[in-house]
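Close look at the chain arrangement
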Amino acid sequence: MQVSDGVSILQNSYHFEKDSTKAKNTQFITDKKAPNGENLDPQEVQYVRELESIDRNVRAHEAAHIAAGAGVVTGGASFTYTRGPDGKMYATAGEVPIAMKEGRTPEETIQNARQVIAAALAPSDPSPQDYRVAASAAQMESEARIEQAKEKVKEVEEALKDSTTLRDYAIQSYKANSENSSPLLEIAG
């Protein structure tokens, strides 16, 4: 995972074969042209179609991260491009910076972690890097929950130190239970 200054990068890349066997037996006329103006051969046309598909998938993948990452996405998507035989540039990999930051309170940290997890797993096809970022955020959430539990234990211990508070609590509980006339357990007959 790439992390620097609390920023994880969600990366996605697609691999493809330049020489596709699918295109070998295909005979069709195309409007796809090489930069020199000549028509592309069927293999090149198939390769351009694969690049176009990859470009759409990469852009949709990164857009899903951004859409789900409100508050934790720290910048726009950046792409790695491949030049096709038609001379056009196609996005074949992308990444979105995500802030893995702890909050001022455990509750804030838990909220941030959940937002990072949502952003990392937003695409329909999360990459291995997306899963790593989500796992790191889940670990951050777990640690914040431990801290939250420690704070609650400390509050209870403080309350129990004062015997009048404990006695008052016991009296209130007794009164509440004695006023409740409904039986705690009914046996069906």
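Below or above, wherever it landed, is the structure these notes cover. Only a predicted model underlies this, so the values are computations on that prediction, with no experimental measurement involved.

1. Concerning the overall build of the protein chain
For the protein chain, the count of helices and strands is four helices and four strands. Across the protein chain, helices and strands are ordered from the amino to the carboxyl terminus as β-β-α-β-β-α-α-α. The proportion of buried residues among the 189 residues of the protein chain is 31%. In the protein chain, the share of contacts with a sequence separation of at least 24, taken over all contacts with a separation of at least 6, comes to 64%.

2. Observations concerning the pattern of salt bridges
Within the structure shown, the criterion is met by four salt bridges. In this structure, R104 engages E108 in a salt bridge whose closest nitrogen and oxygen atoms are separated by 3.2 Å. It is possible to trace a salt-bridge network through shared partners that takes in R114, E141 and R145.

3. Notes on the pairing of strand β4 (residues 89-99)
Across the eleven residues that make up β4, a large majority, nine, are buried. Across six bridges, strand β3 (residues 78-83) lies against β4 in antiparallel orientation. Bridge pairing in β4 links T82 to Y90. Count of turn residues in the β3/β4 antiparallel hairpin: five residues, of which G87 carries a positive phi of about 85°.

4. Section: a negative patch on the surface
Taken together, the side chains of E107, E147, E151, E155, E157 and E158 present a region of like negative charge at the surface. The leading source of residues in the negative patch is helix α3 (residues 128-161), at five residues. Mapped onto the secondary structure, E147 falls in helix α3. Given the relative accessible area of 38%, E147 is considered partly exposed.

5. A few points about the packing of aromatic side chains
Taken as a whole, this structure holds one aromatic pair when the rule is applied. For the cation-ring pair, R59 lies above F79, with the distance from its terminal atom to the ring centre recorded as 4.8 Å.

6. Observations concerning the packing of helix α2 (residues 106-120) against α3
Running from amino to carboxyl end, α2 crosses α3 at an angle of 165°, the nearest separation of the two axes being 8 Å. By the angle between their axes, α2 is roughly antiparallel relative to α3. Here α2 and α3 pass one another in a crossing that is left-handed. Across the interface between the two elements, P106, E107, T109, I110, N112, A113, R114, V116, I117 and A120 of α2 pack against D130, V133, A134, A137, A138, M140, E141, A144, R145, E147, Q148 and E151 of α3. Among the residues forming the contact of α2 with α3, the class breakdown is twelve nonpolar, three polar and seven charged.

7. What to know about the nonpolar core
Counting ten residues, the largest nonpolar core is built from V72, V96, I98, M100, V116, A119, A120, V133, A134 and A137. Of all the secondary structure elements, the ones that give two or more residues to this core are β4, α2 and α3. With residues up to four places along the chain from it excluded, the contact list for A134 reads I117, A120 and L121. Core analysis: the second largest hydrophobic core is formed by seven residues, L40, V45, Y47 and L51 among them.

8. Topic: the environment of P123
Mapped onto the elements of the fold, P123 is located in the loop between α2 and α3. Taking the C-alpha atoms as reference points, P123 and A67, separated by 56 residues in sequence, lie 9.8 Å from one another. Apart from residues no more than four positions distant in its own chain, P123 is found in contact with H61, A64, H65 and D130.

9. Overview of the environment of M89
Inspection of the secondary structure assignment puts M89 in strand β4. M89 sits in the partly exposed class, given a relative accessible area of 41%.

10. A word on the side chain of Q148
Within the secondary structure, Q148 sits in helix α3. For Q148, the residues in contact, after removing those within four places along its chain, are P106, E107 and I110.

The rules we used
Residues numbered from 1 in each chain as written. Predicted model: local features only at pLDDT ≥ 70, side-chain atom pairs only at ≥ 80, totals over all residues. Heavy atoms only, no water. Helix = DSSP H or I, 4+ residues; strand = E, 2+ residues; numbered from the N terminus. Buried < 20%, exposed > 50% of the residue type's maximum accessible area, 1.4 Å probe, protein only. Contact = heavy atoms within 4.5 Å. Salt bridge = Lys/Arg side-chain N within 4 Å of Asp/Glu carboxyl O. Pairing = 2+ DSSP bridges. Patch = residues over 30% accessible without salt bridge, like charges linked within 9 Å, V, L, I, M, F, W, Y side chains within 5 Å. Areas by Shrake-Rupley, 256 points an atom, 1.4 Å probe, with all protein chains shown as cover. Lys, Arg positive; Asp, Glu negative; His and termini not counted. Charge placed at Lys NZ, Arg CZ, Asp CG, Glu CD. Phe/Tyr/Trp six-rings, centres within 6.5 Å; stacked < 30°, edge-to-face > 60°. Lys NZ or Arg CZ within 6 Å of the ring centre and 35° of its normal. Axes fitted to C-alpha atoms, helices over the stretch in contact; angles between N-to-C directions. Parallel < 35°, antiparallel > 145°, perpendicular 65-115°, else oblique. Left-handed = near helix turned anticlockwise from the far one by under 90°. Nonpolar A, V, L, I, M, F, W, Y, C, P; charged D, E, K, R; others polar. Core = buried A, V, L, I, M, F, W, Y, C linked by side-chain atoms within 4.5 Å.

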